[in-house]
Amino acid sequence: MSQRFQIEDLVIQDASGVVFRALDTETNQTVAVRRFFPFGANGGGLQEDEQIAYHIAVERLAAITHPALRAVIAGGCDPVDGMPYIATEWIEGLRLEALAKRAPLDPVDAAKLLSQALEVCELLSEVLAEEAVWVETSLQSIVVAAEGTGRGFTFWIAPLKWLGKNDGQRGLESIITLTEEIMGWRGKIIADQEGRGLGGWLKWLRGTARTTTLHQAREMLAAAIGEEAPIPVKRLVRQAIARPVVTARKKKPSRWPILIAVAAASAALAGGGFLLVKRSQTARAGMPEIFTAEVSSPTTEAEAIAIPPSPAAPAPARSRERSVAQVNREAAELLASSRKLDREKDARRLEIQNRGNLFEVADGELLLEKKNSEVELEGRLAQVRFSNNGKGATLYLEFSTTPAKDEPRGYIMRKDLTAETNLESLGKFVGKNVRLRGKVGTPSSQRRPEIEIKNLAAVHEVK
């Protein structure tokens, strides 16, 4: 491993890890190599038994071949700190987000995307012995492969997605959100026949997301759009496994089995490019080479398509070491910057607490931490409008005329409007500094905190 991957570029670093693009010198192909932090940037790596489990998981996923998955090339754990890393193929293409912004997907394409997502999740659930939506379902994480690659929609898994203990993540709610986003149905009432039958399937899934299985969802989707029954998962496994592999056996909940699935699944589905980083090598002192990897997706879709990395010949050892040293310095700087931001957030949290849970519009990320709690949000009100061109079921109080997707706002359901609390009475606050008081929720998007307005007294002007 120490000689196989040649670093070419630092892609990104965040709280979950660092990502680089690399050249696989054995195949002369561009790959993504990633080292991630299973317990946060300040947490440790995997323990001995966890490392064994991780190696087994990587082997299982390296044996899987599926057109909607990124192939796993290699993986392991840093011998010094136990941090896991993974190398996967690099997929060139466009993020689904770029396509969805132009127009909703054609129902045929949408059905294919959803069918593949569910199929991949059931396949991985069988191999990893854990029923879950293993693929990342955000539009920016799904890639539509470039023409000529022979690939279609491709998925990857957020490696730390299943380390949390929130059981709410284990339903199919994320598939509901994905369907609404690709079809442009968010916040809309959909008839059963819309989307060539997808509307009826979505209505069914909304009512059963927490209790239905992946296979049931696949069966219902096929029936709704008039397709044949889906391939049984056992056959999927036989088709996907390139060599014999024993599926994981369920055990009592513990820290490391989830890590297997997380790390392994991230390997199988990890998007874009990853890179192996030599952390230290002192040949004169006889020190062993230590490599780390980090997580990321392709730099940008445009770069991935327009500027495919050329397989350059390996540089001389001395210049390669300088490049690695430079990359490691950049990674250290990024980590220091991340820690600085954490300190700033802690200071801001204390300030907000001292002000009696009074937040400002710029505190959206911190507001999400107060979900289901009573708070106050202060800012200059820009507009009051109904959703869906004035005909929707929700009245929004927004602090920008074109608010970002994660900007906080207030809301009141149309059914809860009264003679006192209505569009006219709330519209009088537009252009003024106001405070909204209510419980924090995320009814329209998990990224956007929204304050529930119960009555006119929950909104008052700040002089």
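Residues numbered from 1 in each chain as written. Predicted model: local features only at pLDDT ≥ 70, side-chain atom pairs only at ≥ 80, totals over all residues. Heavy atoms only, no water.

An order of E6-E7-E8 is seen for the three strands of this open sheet, with the pairing classed as antiparallel. Sheet topology places strand E6 (93-95) and strand E8 (153-154) at the edges, where each strand pairs with a single neighbour. In terms of strand pairing, E6 meets strand E7 (residues 143-145) through three bridges, oriented antiparallel. Directly across from Leu-94, in E7, lies its bridge partner Val-144. (Pairing = 2+ DSSP bridges. Helix = DSSP H or I, 4+ residues; strand = E, 2+ residues; numbered from the N terminus.)

For helix H4 (residues 173-183), every residue scored as buried is listed here: Ile-175, Ile-176, Leu-178, Thr-179, Glu-180, Ile-182 and Met-183. Buried-residue contacts for H4 involve helix H2 (96-102), helix H3 (107-128) and helix H5 (198-208). The positive-phi residue at the C-terminal boundary of H4 is Gly-184, with phi of around 70°. (Buried < 20%, exposed > 50% of the residue type's maximum accessible area, 1.4 Å probe, protein only. Contact = heavy atoms within 4.5 Å.)

The relative placement of two packed helices is expressed as an angle between their axes plus a distance between the axes. Relative orientation of the contacting elements H5 and helix H6 (residues 214-224) amounts to 155°, with a least axis distance of 8 Å. Put simply, H5 runs roughly antiparallel to H6. The two elements H5 and H6 cross, and the hand of that crossing is right-handed. For the pair formed by H5 and H6, the contact residues are Leu-198, Trp-201 and Trp-204 on the first element and Gln-216, Ala-217, Met-220, Leu-221 and Ala-224 on the second. By residue class, the composition of the contact of H5 with H6 is seven nonpolar, one polar and no charged. (Axes fitted to C-alpha atoms, helices over the stretch in contact; angles between N-to-C directions. Parallel < 35°, antiparallel > 145°, perpendicular 65-115°, else oblique. Left-handed = near helix turned anticlockwise from the far one by under 90°. Nonpolar A, V, L, I, M, F, W, Y, C, P; charged D, E, K, R; others polar.)

With that settled, consider the environment of Leu-202. Summarising the element assignment, Leu-202 is placed in helix H5. Distance from Leu-202 to Ile-175, taken between C-alpha atoms, is 9.3 Å for residues 27 residues apart in sequence. Excluding its chain neighbours within four sequence positions, the residues that come into contact with Leu-202 are Ile-176, Thr-179, Glu-180 and Trp-185.

Moving on, we get to the nonpolar core. Ile-64, Leu-113, Leu-124, Ile-182 and Leu-198 are the most contacted members of the largest nonpolar core, which totals 57 residues. Listed by contribution, the elements that provide at least two residues to this core are helix H1 (48-62), strand E4 (72-77), H2, H3, H4, H5, H6 and helix H7 (233-240). The leading source of residues in this core is H3, at 12 residues. In this structure, Phe-359, Leu-377, Leu-426 and Val-440 belong to the second largest nonpolar core, which totals 22 residues. (Core = buried A, V, L, I, M, F, W, Y, C linked by side-chain atoms within 4.5 Å.)

The subject of this paragraph is H5. Among the residues of H5, Leu-198, Gly-199, Trp-201, Leu-202, Leu-205 and Thr-208 are the ones counted as buried. Buried positions along H5 lie against H3, H4 and H6.

For the rest of this paragraph, the subject is unusual backbone geometry. Even without a glycine there, the phi angle at Asn-28 is positive, about 65°. Tracing the chain through its elements places Asn-28 in the loop between strand E2 (17-24) and strand E3 (29-36). Using a relative accessible area of 38% as the deciding quantity, one classes Asn-28 as partly exposed. Of note in this structure, Arg-196 is not a glycine but carries a positive phi near 55°. Structurally, Arg-196 is set in the loop between H4 and H5. Owing to a relative accessible area of 60%, Arg-196 belongs among the exposed residues under this scheme.

Take the packing of H4 against H5 next. The geometry of H4 relative to H5 is characterised by a closest axis approach of 10 Å and an angle of 150° between their N-to-C directions. Considering their axes alone, H4 and H5 lie roughly antiparallel with respect to each other. Of the two possible hands of crossing, H4 and H5 adopt the one that is left-handed. Only Leu-198, Trp-201, Leu-202, Leu-205 and Arg-206 of H5 make contact with H4, whose side of the interface consists of Ile-175, Ile-176, Thr-179, Glu-180 and Met-183. A breakdown of the residues in the contact of H4 with H5 according to their chemical character gives seven nonpolar, one polar and two charged.

Before going further, it helps to spend a moment on the confidence of the model for the protein. Looking at the protein, pLDDT values average 76 and 74% of them are 70 or higher. Here residues 243-324 is modelled with pLDDT under 50, and outside its nearest four sequence neighbours on either side it reaches 250 contacts, counting other chains as well. (pLDDT = per-residue confidence, 0-100.)

So, on to the pattern of salt bridges. Under the definition given, this model contains 30 salt bridges. One salt bridge in this structure joins Glu-119 and Arg-218, with 3.7 Å as the shortest N-O distance. Of the two residues, Glu-119 is situated in helix H3 and Arg-218 in helix H6; the sequence distance between them amounts to 99 residues. Both residues of the pair, Glu-119 and Arg-218, count as buried. (Salt bridge = Lys/Arg side-chain N within 4 Å of Asp/Glu carboxyl O.)

A word on the side chain of Glu-89. Secondary-structure assignment places Glu-89 in strand E5 (residues 84-89). A polar contact is formed between the side chain of Glu-89 and the backbone nitrogen of Ala-71, at a distance of 2.7 Å. At 3.2 Å, the side chain of Glu-89 forms a polar contact with the side chain of Arg-151. (Polar contact = N/O pair within 3.5 Å; in protein donor to acceptor, adjacent residues only side chain to side chain.)

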